[in-house]
Amino acid sequence: MRLTDLPLRQPAYVDLIDWNALSTSDGQRLREFGLCEGAVVEALHHGGLLGRGPIACKVGRMTVAMRRNHAAAITVRPGARDGRA
Amino acid sequence: MSTLPLVALVGNPNAGKSALFNALTGARQKLGNYPGVTVERKAGRLPLSDGRPIELVDLPGTYSLNPTSPDEQVTRDVVLGRQHGERLPDALVVVVDASNLDNHLRFALELIALGRPTVVALNMVDLAARDGLELDPEALARELGVPVISTVAVRKRGLDTLRTELEAMLDGAPSRQRPPAAPEAFDRLRGEARRIARAAIVRETPSRRLTAVVDRVALHPVSGLALLLALLFIMFQAVYAWSEAPIAMIEGLAQAASDAATQALPDGLLRSFLVDGVINGVGSVVVFLPQILILFSFILMLEATGYMVRAAFLMDGLMARVGLSGRAFIPLLSSFACAVPGIMATRTIADPKDRLTTILIAPLMTCSARLPVYAVIIGAFIPARDVGLGIGLQGLVLFCLYVAGIIGAMMAALVLRLTVTKGASGGFLMEMPKYQWPRPQDIALGLWQRAVIFLKRAGTIIFTSTVILWLLLSFPKAPADSGISQVNYSVAGRIANGLNVVLEPIGFNRDISLALIPAMAAREVAVSALATVYSLDADEDEAKLERSLGDRLKDNWPLPTALAFLAWFVFAPQCISTIAVTRRETNGWKWPLFMIGYLFALAYVAAGLTYWTATALGLG
């Protein structure tokens with residue numbers, strides 16, 4: 001399941017990140033935010049009235065906003081216990 | 001100054017670095033720029049316990065020594081001693097957010113590995129406690145191998161200990177310097193950071209986070225947008241409602257100064273220079289200081305509370321549609337106060353094309369310098385009528401001018417992104433900070449700095465251009481019996497008559513052409529220039545002197561001309577500071593010249609269309 005499809009407030013493991021779909025600097029920024037394979041994410045808010053806006057996710061103790069094209073590059077597996085792995 | 005020991009504050013964004021910097025240096029701050037780049041250099045003096053001062057610099061926040069924006073590059077270069085115009089810091093204060101150790105320790109480890117004398121400020125320990133997090137600073141210090149000091153910048157906790165630690169460090173052995181870690185070390189450092197964070201956390205109880213609760217409302221597609229619009233509405237209302245009294249006070253002072261000068265001096269050149277040139281000219285601009293400060297206080301508050309990033313999140317969908325990053329919302333909102341800090345704020349946009357587009361459209365946001373122009377024209381030509389629901393016609397016209405600027409900017413962005421700044425759309429990747437109450441002193445300090453910048457501008461650019469205009473208007477003197485008005489006879493009048501050939505088709509008269517020349521320096525100069533023109537012209541007819549600028553405009557301009565004048569100022573890039581900052585930010589003349597060109601073209605077409613339409617509708 002992609003991060004874009006993950007229901008809100010359901011912690012999930014990051015299974016795979018398609019680094020090739022991201023620019024070098026965006027990929028680096030995601031890593032710096034703590035997003036990597038094995039991390040736990042939780043989608044908190046979808047922005048935009050028509051659902052095309054960015055997504056705010058909890059990663060560790062941070063809240064990170066990203067556009068849908070970034071979230072689509074992240075494959076997740078629901079079932080993590082909480083967002084503080 | 002250069003002999004003082006230099007200490008750099010460095011850390012992740014949102015680690016509370018600036019609050020710590022303000023708490024340590026108080027009002028003893030110096031704002032400047034690093035040579036060659038337009039990254040702001042914030043420096044201040046910190047006295048040690050024995051009275052010796054050290055120089056403290058607040059470096060832009062960054063996540064690693066691998067920069068993705070010009071701001072972050074400065075941080076890396078200063079820390080490594082490679083920044084032109086800055087000496088290698090004698091010590092580093094690494095600021096980490098106590099409630100986000102996993103993440104912030106990674107960067108701290110990267111900095112500690114450089115081998116410089118380093119002390120870690122474990123900041124915002126109070127907010128961490130609020131989140132149910134108890135930490136052991138001593139365990140952290142053992143693991144990191146450098147001193148760790150718990151601080152709460154906003155309450156001045158831990159500052160003395162930090163100072164003592166720095167003192168000992170600067171007196172200590174000469175420092176080494178190791179090269180930065182290779183990017184491949186990233187994962188190792190992250191693992192290490194996580195392990196150390198675990199070791200330092202004594203207890204972690206899950207607790208309801210205030211931020212999460214507020215965000216449920218503030219980031220909701222419907223209630224969030226409603227909240228944002230309400231905040232913006234209150235902000236723009238406040239700019240007018242709260243500024244009336246202070247504006248009246250400044251006007252009173254200017255009038256008193258003008259009266260005093262008129263009485264004290266004999267009629268002649270000196271009096272004309274002081275009253276018509278200096279007091280009228282500069283006074284008509286300083287009057288806007290209250291409105292600018294109100295606007296800035298809102299923007300500073302929105303930034304300091306952490307709301308600004310939420311606003312960017314809500315607006316990102318719209319921004320994406322015209323090819324901009326959600327981040328562009330913050331500089332564009334600042335541009336409502338002034339395009340100069342707005343354009344400087346684009347430094348946080350990583351993508352160069354995204355950033356360039358934002359710079360090019362920032363001058364279309366209705367900055368506070370347009371207010372004087374709009375206010376005078378609207379006051380004179382638009383009747384103060386109620387159009388129903390308690391909405392005044394004057395306010396409505398002003399609102400339309402703001403909207404015209406925003407729509408113009410969005411259209412321009414769309415076109416620019418398809419042509420000159422074509423490329424992949426930039427992203428929106430941002431950390432959302434925790435909400436916190438801003439410290440009133442921090443807001444006051446920010447406002448004070450803005451006020452000084454504005455008054456300096458009024459004292460230099462605006463003063464100079466007003467004086468030059470007065471000179472050009474006063475010479476050569478028209479012969480007393482010629483029947484030619486002084487304005488027509490003067491150098492400025494002759495230049496304006498030439499320019500008028502181009503501007504006449506869009507309904508502008510000679511006086512407007514005259515005012516537009518000095519207004520290249522700053523838009524608000526148009527008002528002081530018109531005031532100077534009509535006050536010099538009035539000399540021949542003493543009766544006219546008693547009348548306000550608005551009344552004189554109304555006598556001399558037909559309505560379509562006034563409307564065209566308003567439309568012109570929605571677009572025209574008449575601000576030398578904006579052009580200068582664009583040149584600095586884009587490293588050359590190409591983009592500022594492009595900006596001047598496309599904005600003047602838009603201004604000409606908009607003013608023309610307005611004039612022709614209004615004339616055709618019989619409004620003249």
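As the structure is a computational prediction, the values presented were derived from the model and not from experiment. (Residues numbered from 1 in each chain as written. Chains lettered and ligands numbered in written order. Predicted model: local features only at pLDDT ≥ 70, side-chain atom pairs only at ≥ 80, totals over all residues. Heavy atoms only, no water.)

A. Just the overall build of chain B, in detail. Looking only at helices and strands, chain B features 27 helices and 10 strands. Its C-alpha radius of gyration of 28 Å places chain B within 12% of the 25 Å reference for a compact globule of 620 residues. Expressed along its principal axes, the backbone C-alpha trace of chain B runs to roughly 90 × 55 × 45 Å. When contacts within chain B are restricted to residue pairs at least 6 apart in sequence, long-range pairs at least 24 apart make up 73% of them. In the structure as shown, chain B presents an accessible area of about 25,800 Å², 64% of it carried by carbon and sulfur atoms. Of the side chains in chain B, 56 bear a positive and 52 a negative charge, and the two mean positions are spaced by 6 Å. (Helix = DSSP H or I, 4+ residues; strand = E, 2+ residues; numbered from the N terminus. Rg over C-alpha atoms; globule rule 2.2 N^0.38 Å. Contact = heavy atoms within 4.5 Å. Areas by Shrake-Rupley, 256 points an atom, 1.4 Å probe, with all protein chains shown as cover. Lys, Arg positive; Asp, Glu negative; His and termini not counted. Charge placed at Lys NZ, Arg CZ, Asp CG, Glu CD.)

B. Local environment of the environment of E167(B). All names here are of chain B. Structurally, E167 can be placed in helix α6 (residues 159-171). Measuring from C-alpha to C-alpha, the distance between E167 and D50 comes to 9.1 Å, with 117 residues separating the pair along the chain. Not counting residues up to four positions away in its chain, the partners in contact with E167 are L48, S49, D50 and R52.

C. Region of the structure containing the sheet that holds strand β1 (residues 12-17) of chain A. Taken together, 6 strands build an open sheet; the order of strands is β5(A)-β1(A)-β2(A)-β3(A)-β4(A)-β10(B) and the sheet is antiparallel. Either end of the sheet is taken by a strand with one partner, and the two such strands are β5 (74-78) of chain A together with β10 (430-432) of chain B. Adjacent strand axes in the sheet meet at a mean angle of 45 degrees, parallel and antiparallel pairs treated alike. (Pairing = 2+ DSSP bridges. Axes fitted to C-alpha atoms, helices over the stretch in contact; angles between N-to-C directions.)

D. Main features of the sheet that holds strand β1 (residues 6-11) of chain B. Residues and elements named next belong to chain B. Spatial strand order, β2-β3-β4-β1-β5-β6-β8: 7 strands in an open sheet with mixed pairing. Edge strands, defined here as strands with exactly one partner in the open sheet, are β2 (29-33) and β8 (148-151). Averaged over all neighbouring strand pairs, the angle between strand axes comes to 25 degrees, with direction disregarded. The pairing of strand β6 (residues 118-123) with β8 spans 4 bridges and is parallel.

E. Looking closely at the packing of aromatic side chains. Residues and elements named next belong to chain B. Counted under the stated rule, the structure contains 11 aromatic pairs over all chains. Ring geometry for F508 against W568: centres 5.6 Å apart, planes inclined by 70 degrees, an arrangement best described as edge-to-face. Taken together, the residues F508 in the loop between α21 (491-503) and α22 (510-516) and W568 in helix α25 (residues 559-571) connect sequence positions 60 residues apart. On the basis of relative accessibility, which here comes to 2%, the residue F508 falls in the buried class. Through pairs of rings, three or more aromatic residues link up here, namely F381, F508, W557, F565, W568, F569 and F600. When the ring centre of Y435 is taken as origin, the NZ or CZ atom of R310, which lies over that ring, is 4.2 Å away. (Phe/Tyr/Trp six-rings, centres within 6.5 Å; stacked < 30°, edge-to-face > 60°. Buried < 20%, exposed > 50% of the residue type's maximum accessible area, 1.4 Å probe, protein only. Lys NZ or Arg CZ within 6 Å of the ring centre and 35° of its normal.)

F. Molecular detail of the pattern of salt bridges. All names here are of chain B. Per the stated rule, a full pass over the model turns up 26 salt bridges over all chains. The partner of K17 in a salt bridge is D58, and the shortest N-O contact between them spans 2.8 Å. Here D58 lies in strand β4 (residues 53-58) and K17 lies in helix α1 (residues 17-25), a separation of 41 residues in the sequence. With relative accessibility at 6%, the residue K17 sits in the buried group. Note on D58: relative accessible area 6%, which makes it buried. Residues participating in the shared-partner salt-bridge network are R41, E55, E86 and R87. (Salt bridge = Lys/Arg side-chain N within 4 Å of Asp/Glu carboxyl O.)

G. Structural detail: the interface of chain A and chain B. Of the residues lining the interface, 32 residues belong to chain A; the matching set on chain B comes to 42 residues. Interface area, chain A with chain B, both sides summed: about 3,200 Å², of which 52% is carbon and sulfur. On the chain A side of the interface with chain B, the three residues burying the most area are R29(A), R61(A) and R67(A), jointly 25% of the side's total. On inspection of chain A and its partner chain B, the count reaches 3 salt bridges. The salt bridge partner of D187(B) is R31(A), with a shortest N-O separation of 3.8 Å. Run the count over chain A and chain B and you get 12 residue pairs in polar contact (both at pLDDT 80 or more). For the side of chain A that touches chain B, the secondary structure elements donating two or more residues are α1 (24-32), β2 (40-46), β3 (55-59) and β4 (62-66) of chain A. (Buried area = accessible area lost by both parts, 1.4 Å probe. Polar contact = N/O pair within 3.5 Å; in protein donor to acceptor, adjacent residues only side chain to side chain.)

H. Structural detail: helix α16 (residues 352-361) of chain B. All names here are of chain B. Summarising burial for α16: 8 of the 10 residues are buried, a large majority. Burial in α16 covers these residues: D354, R355, L356, T357, T358, I359, L360 and I361. On its buried face, α16 is in contact with α2 (70-79), α14 (329-334), α15 (339-344), α18 (393-418), α26 (576-586) and α27 (590-616).

I. How the structure looks around the pairing of β1(A). Residue and element names in this part refer to chain A. Direction of pairing for β1 relative to β2: antiparallel, over a ladder of 2 bridges. Residue pairing for β2: A12 is matched across the bridge by V41. Of the strand pairs in this sheet, β1 and β5 are connected by 5 bridges, and their pairing is antiparallel. Considered in β5, the bridge of A12 is made with P78.

J. Geometry of the confidence of the model for chain B. Of all residues in chain B, 94% attain a pLDDT of 70 or more, and the chain-wide mean is 85. Across the assembled chains, the prediction reports ipTM 0.93 with pTM 0.80. (pLDDT = per-residue confidence, 0-100.)

K. Geometry of the side chain of T151(B). Residues and elements named next belong to chain B. Relative to the assigned elements, T151 resides in strand β8. Separated by 3.0 Å, the side chains of T151 and N123 make a polar contact. The residues contacting T151, other than those within four sequence positions of it, are L20, A121, L122, N123, M124, V125, R157 and G158.

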